[in-house]
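Here is how the chains run, residue by residue.
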Amino acid sequence: MKLFSESHKTVFVVDHCPYMAESCRQHVEFDMLTKNRTQGIIPLAPISKSLWTCAVEASVEYCRIMYDIFPFKKLVNFIVSDSCSRILNSWSQEDQNLQELMAALASIGPPNPRADPECCSILHGLVAAVESLCKITDYQHESRTVLMENADRVANRGRIICLTNAKSDSHVQMLEDCVSETIHEHNKLAAGSDHLMQIQKCELVLIHTYPVGDDSLVSDRPKKELSSVLTSEVHSVRAGRHLATKLNHLVQLHFDLASTTITNIPMKPTLSVSDQEEQHANTSANYDVELLHHKDAHLEFIKNGEGNSREATLKETVTLKWCTPRTNSIELHYCTGAFRISPVDVNSRPSSCLTNFLLNGRSVLLEQPRKSGSKVISHMLSSHGGEIFLHTLSSTRSILEDPPSISEGCGGRVTDYRITDFGEFMRENRLMPFLDQQYRIDGTPEVPVERSKCQLERYTRYWPMIISQTTIFNMQAVVPLASVIVKETLTEEDVLNCQKTIYNLVDMERKNDPLPISTAGTRGKGPKRDEQYRIMWNELETLVRAHINSSDKHQRVMECLLACRSKPPEEEERKKRGRKREDKEDKPATKDYEHDKKWTESEKMKTSIDREKEDLAEAEIIKDSPDSPEPPNKKPHIVIEDVTPIEKTKGPMSLLSLWSSRINAANSRKHQEFFGRTNSVNNKAELYQHLKEENGTDPVENGKAGRQ
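Residues numbered from 1 in each chain as written. Predicted model: local features only at pLDDT ≥ 70, side-chain atom pairs only at ≥ 80, totals over all residues. Heavy atoms only, no water.

Now for the overall build of the protein chain. A count of helical and extended segments in the protein chain gives 21 helices and 19 strands. Residues counted as buried form 36% of the 708 residues belonging to the protein chain. Residue pairs in contact within the protein chain that sit at least 24 positions apart in sequence constitute 73% of those at least 6 positions apart. Accessible surface computed for the protein chain: about 45000 Å², of which carbon and sulfur atoms make up 52%. (Helix = DSSP H or I, 4+ residues; strand = E, 2+ residues; numbered from the N terminus. Buried < 20%, exposed > 50% of the residue type's maximum accessible area, 1.4 Å probe, protein only. Contact = heavy atoms within 4.5 Å. Areas by Shrake-Rupley, 256 points an atom, 1.4 Å probe, with all protein chains shown as cover.)

As for its position among the elements, Ser-395 is in the loop between strand 19 (387-393) and helix 10 (419-428). Overall, the relative accessible area of 41% leaves Ser-395 in the partly exposed class. Placed 19 residues apart in sequence, Ser-395 and Val-376 show a C-alpha to C-alpha distance of 7.2 Å.

Within this structure, the stated rule accounts for 21 salt bridges. In this structure, the salt-bridge partner of Arg-418 is Asp-421, at a minimum N-O distance of 2.9 Å. According to the relative accessible area criterion, Asp-421 is partly exposed, its value standing at 29%. With a closest N to O distance of 3.2 Å, Lys-511 and Asp-507 form a salt bridge. Of this pair, Lys-511 and Asp-507 both sit in helix 13 (residues 492-511), 4 residues apart, which is roughly one turn of the helix. Each of Glu-22, Arg-25 and Asp-214 takes part in one network of salt bridges that share partners. (Salt bridge = Lys/Arg side-chain N within 4 Å of Asp/Glu carboxyl O.)

Before going further, it helps to examine helix 13. Along an α-helix, residues three or four apart share an orientation, since each turn contains 3.6 residues. Counted at 1.5 Å a residue, the expected span for helix 13 with its 20 residues is 28 Å, and the 29 Å between its end C-alpha atoms agrees. Those residues of helix 13 lying buried are Asp-494, Val-495, Cys-498, Gln-499, Thr-501, Ile-502, Leu-505, Val-506 and Met-508. Where helix 13 terminates, the next one or two residues include Asn-512, which has phi positive at roughly 60 degrees. (Expected span 1.5 Å × (residues − 1).)

This next bit is on the sheet that holds strand 8 (residues 221-225). The sheet built from 7 strands is open, its strands ordered 5-4-1-6-7-9-8 with mixed pairing. Two strands lie at the open edges of the sheet, namely strand 5 (85-87) and strand 8, each paired on one side alone. Across the sheet, the mean angle from the axis of one strand to that of its neighbour is 20 degrees, orientation sign disregarded. Strand direction decides the pairing type here: strand 4 (residues 75-81) and strand 5, joined by 3 bridges, are antiparallel. Across the sheet, residue Val-80 finds its bridge partner in strand 5, namely Arg-86. The strands touched by helix 1 (residues 51-69) within the sheet are strand 1 (9-15), strand 4, strand 6 (157-164) and strand 7 (201-210), with strand 1 carrying the most contacts at an inclination of about 165 degrees. (Pairing = 2+ DSSP bridges. Axes fitted to C-alpha atoms, helices over the stretch in contact; angles between N-to-C directions.)

With that out of the way, let us pick up the nonpolar core. If you look at the biggest cluster of nonpolar residues, it comprises 40 residues, and the most contacted ones within it are Phe-12, Tyr-62, Leu-105, Leu-163, Ile-207 and Leu-243. Contributing elements (two or more residues each) for this core: strand 1, helix 1, strand 4, helix 2 (98-108), strand 6, strand 7 and helix 6 (241-254). With 13 residues, helix 1 is the largest single contributor of residues to this core. The contacts of Leu-243, once residues within four sequence positions are left out, are Cys-54, Ala-55, Ala-58, Leu-163, Ile-207, Thr-209, Val-237 and Arg-238. (Core = buried A, V, L, I, M, F, W, Y, C linked by side-chain atoms within 4.5 Å.)

So, on to the packing of helix 3 (residues 123-134) against helix 5 (residues 169-191). Across the interface, helix 3 lies against helix 5 with an axial gap of 10 Å and an inter-helix angle of 35 degrees. In terms of crossing hand, the pair formed by helix 3 and helix 5 is right-handed. Mapping the contact onto sequence places Leu-123, Leu-126, Val-127, Val-130, Glu-131 and Cys-134 in helix 3 and Met-174, Leu-175, Cys-178, Val-179, Thr-182, Ile-183 and His-186 in helix 5. (Left-handed = near helix turned anticlockwise from the far one by under 90°.)

Following the criterion strictly, the structure yields 10 aromatic pairs and no others. Here Phe-422 and Trp-463 contribute two aromatic rings whose centre-to-centre distance is 6.0 Å and whose plane-to-plane angle is 70 degrees, an arrangement assigned as edge-to-face. In this pair, Phe-422 sits in helix 10 while Trp-463 sits in the loop between helix 11 (448-459) and helix 12 (479-484), placing the two residues 41 residues apart along the sequence. Residue classification places Phe-422 among the partly exposed positions, given a relative accessible area of 38%. By way of ring pairs, the aromatic residues Phe-12, Tyr-62, Phe-70, Phe-78 and Phe-255 are connected into one cluster. Geometry around Trp-463 places Arg-418 over its ring, the cationic atom sitting 4.2 Å from the centre. (Phe/Tyr/Trp six-rings, centres within 6.5 Å; stacked < 30°, edge-to-face > 60°. Lys NZ or Arg CZ within 6 Å of the ring centre and 35° of its normal.)

On to unusual backbone geometry. The backbone of Lys-73 sits at a positive phi, close to 65 degrees, despite the residue not being glycine. For Lys-73, the location among the structural elements is in the loop between helix 1 and strand 4. The phi dihedral of Asn-512 falls on the positive side, at around 60 degrees, and the residue is not glycine. Among the structural elements, Asn-512 can be located in the loop between helix 13 and helix 14 (529-545). Given the relative accessible area of 41%, Asn-512 is considered partly exposed.

Another aspect to go through is a nonpolar patch on the surface. Together, Val-28, Phe-30, Leu-44 and Ile-47 give the surface a local cluster of nonpolar side chains, amounting to about 370 Å² of exposed area. Its location among the elements puts Val-28 in strand 2 (residues 23-28). We classify Val-28 as partly exposed; its relative accessible area is 38%. (Patch = residues over 30% accessible without salt bridge, like charges linked within 9 Å, V, L, I, M, F, W, Y side chains within 5 Å.)

The next subject is the confidence of the model for the protein chain. Residues with a pLDDT of 70 or more make up 70% of the protein chain, whose mean pLDDT is 78. Low confidence marks residues 704-708, where pLDDT is under 50. Its contacts with residues over four positions away, or in another chain, come to 0 contacts. (pLDDT = per-residue confidence, 0-100.)

Attention shifts here to the pairing of strand 7. Counting buried positions along strand 7 yields 9 of 10 residues, so the element is predominantly enclosed. Looking at chain direction, strand 6 and strand 7 are connected through 8 bridges and run parallel. The partner of Ile-161 across the bridge, within strand 7, is Val-205. As for the winding sense of the linkage, the β-α-β connection from strand 6 through helix 5 to strand 7 is right-handed. Pairing of strand 7 with strand 9 (residues 230-238), which is carried by 9 bridges, proceeds in the parallel orientation. By the bridge assignment for strand 9, Glu-203 is matched with Thr-231. (Right-handed = clockwise from strand over helix to strand, strands pointing away.)

Pasting the structure below:
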């Protein structure tokens with residue numbers, strides 16, 4: 001069927017009854033020229049728009065955005081309803097522009113507040129809207145001409161947007177019933193006519209607008225299906241800027257639009273009007289401009305889940321930053337899409353300056369704002385033929401290039417795919433011609449396609465795609481279990497093979513055999529052996545648990561696995577008890593034993609160093625005299641006890657102590673050791689021990705007497 005969505009035809013029905021002439025009570029300052037005012041002149045009072053003016057401005061803004069982004073195949077029919085219905089334009093493409101629409105609205109004029117309210121009704125406009133939807137547009141006529149005999153395959157859908165001031169919820173229900181009955185009657189007429197089309201689907205959007213400050217007499221209601229042809233939704237909105245915001249939100253919903261806010265646009269201010277602007281007249285500032293476009297321009301953001309949500313409005317916007325290095329249109333960029341744009345605030349100065357800048361043939365690159373990393377230029381603004389487009393630039397791999405091989409991975413990030421295992425998987429799940437009818441256990445015929453789907457589902461319940469994400473599928477010891485557990489039913493032999501595989505894994509853990517654990521992307525040597533087996537058992541349990549509900553024999557395999565994991569073998573328990581007993585026996589009972597052990601280790605180290613020193617001293621000729629003073633550039637010899645006294649040593653000797661001992665031993669070979677230090681006790685040598693006389697007199701005093 002050649003589908004035309006509801007957005008192909010949009011009928012606006014605006015109430016022109018006397019009560020629409022009431023003020024919206026949202027004041028607007030009329031006298032803005034407060035500069036150089038002559039004293040004594042009273043400023044003009046603020047003014048307020050009528051409900052009719054607010055409804056017309058909001059609906060025309062809806063049409064402006066639609067015409068900017070969809071200049072073709074999106075049509076609007078404007079109807080004004082008071083004592084009768086007046087259609088302002090037709091479905092012809094020549095009437096689809098704002099100039100024709102504004103000229104027709106100007107000829108209508110504002111509603112007359114002194115007119116008879118009983119003679120005016122919004123029902124006239126709703127009936128005319130249904131009649132207008134039954135008319136064939138030029139695009140529908142072309143499609144029917146192409147299909148010729150199958151002209152009935154062209155669908156006819158549309159949307160009615162009614163802006164009125166309803167009295168109550170019952171009044172709204174009466175309007176919905178009127179539209180439903182009218183569609184039913186006109187579909188009967190269109191069935192026997194060659195110039196009309198039946199309405200397959202119609203969306204009715206009722207907008208109740210009321211002055212600011214009043215209480216709403218109509219409650220909001222989401223979209224509701226009234227019949228197979230008609231759906232209806234009700235919005236109760238205050239007049240003024242609230243109504244304009246509501247229609248701005250609806251136009252995005254109806255035409256699948258999205259919002260983009262361009263930030264940091266450099267712009268020089270023009271002539272100032274107020275004193276505050278005059279202070280910044282010679283400086284430049286950065287501005288933001290919000291644009292509307294089709295949502296496909298944000299396709300990459302939607303995939304990645306990006307985008308910044310604005311709480312102030314009812315929609316979401318994506319923020320893009322103005323890229324300072326502007327480009328000319330002659331520069332080519334690889335674009336994946338181009339979408340027309342429409343400024344949200346078309347009359348603002350920033351929007352006007354940006355539009356004029358782009359229409360002069362300049363192009364602007366837009367980048368995604370990021371706190372860290374390199375900037376990513378994702379979009380470009382440029383004009384073609386007097387229309388501005390938002391271009392989507394390719395920031396990923398080009399679709400024009402050759403597709404990457406499976407070994408390169410997606411984007412070059414993953415390279416260790418299980419390609420060989422996937423080939424085996426495809427061979428095991430090949431489709432075969434259907435020959436004989438097979439039946440299930442309950443006697444019902446079995447569909448081959450459903451059986452194939454069930455087998456694929458079983459084989460893929462747990463099937464890691466990357467080598468580094470699995471352990472059991474890299475082990476030959478697990479192959480008997482992995483190839484059997486995916487079956488729909490198991491035999492006793494299959495159960496025994498699975499149990500034998502589990503026991504072999506337990507034996508591997510007892511022997512502490514290495515496992516094929518991938519260390520890619522990890523620092524160091526990877527997980528320890530105990531951790532490797534824990535990962536392996538967890539993955540094996542995940543595989544078996546995925547098929548636990550297939551049959552009772554699958555359950556038996558799971559029970560065997562859990563039993564082997566929860567209770568280690570008796571030999572392992574015995575070994576653990578033996579290790580604990582040896583640890584207790586080897587543990588010293590007192591601190592003296594620990595001190596003696598440290599003393600023995602130190603004495604062994606000292607003896608080995610002295611033996612090495614003596615062996616080297618015999619092969620080396622000492623040229624220096626034993627009585628000569630020690631050279632100034634040589635450091636005094638320090639034995640091991642000076643660096644690490646035995647009394648202060650705690651635990652085994654450190655690497656620093658061993659290295660220092662080796663250096664000191666090498667330095668001691670370069671000169672003869674001092675005799676007093678060699679015969680010292682506890683590193684204490686007695687001076688002048690041979691100078692004392694036998695009578696015990698002080699040798700120093702005898703020396704003084706001899707000199708006298």
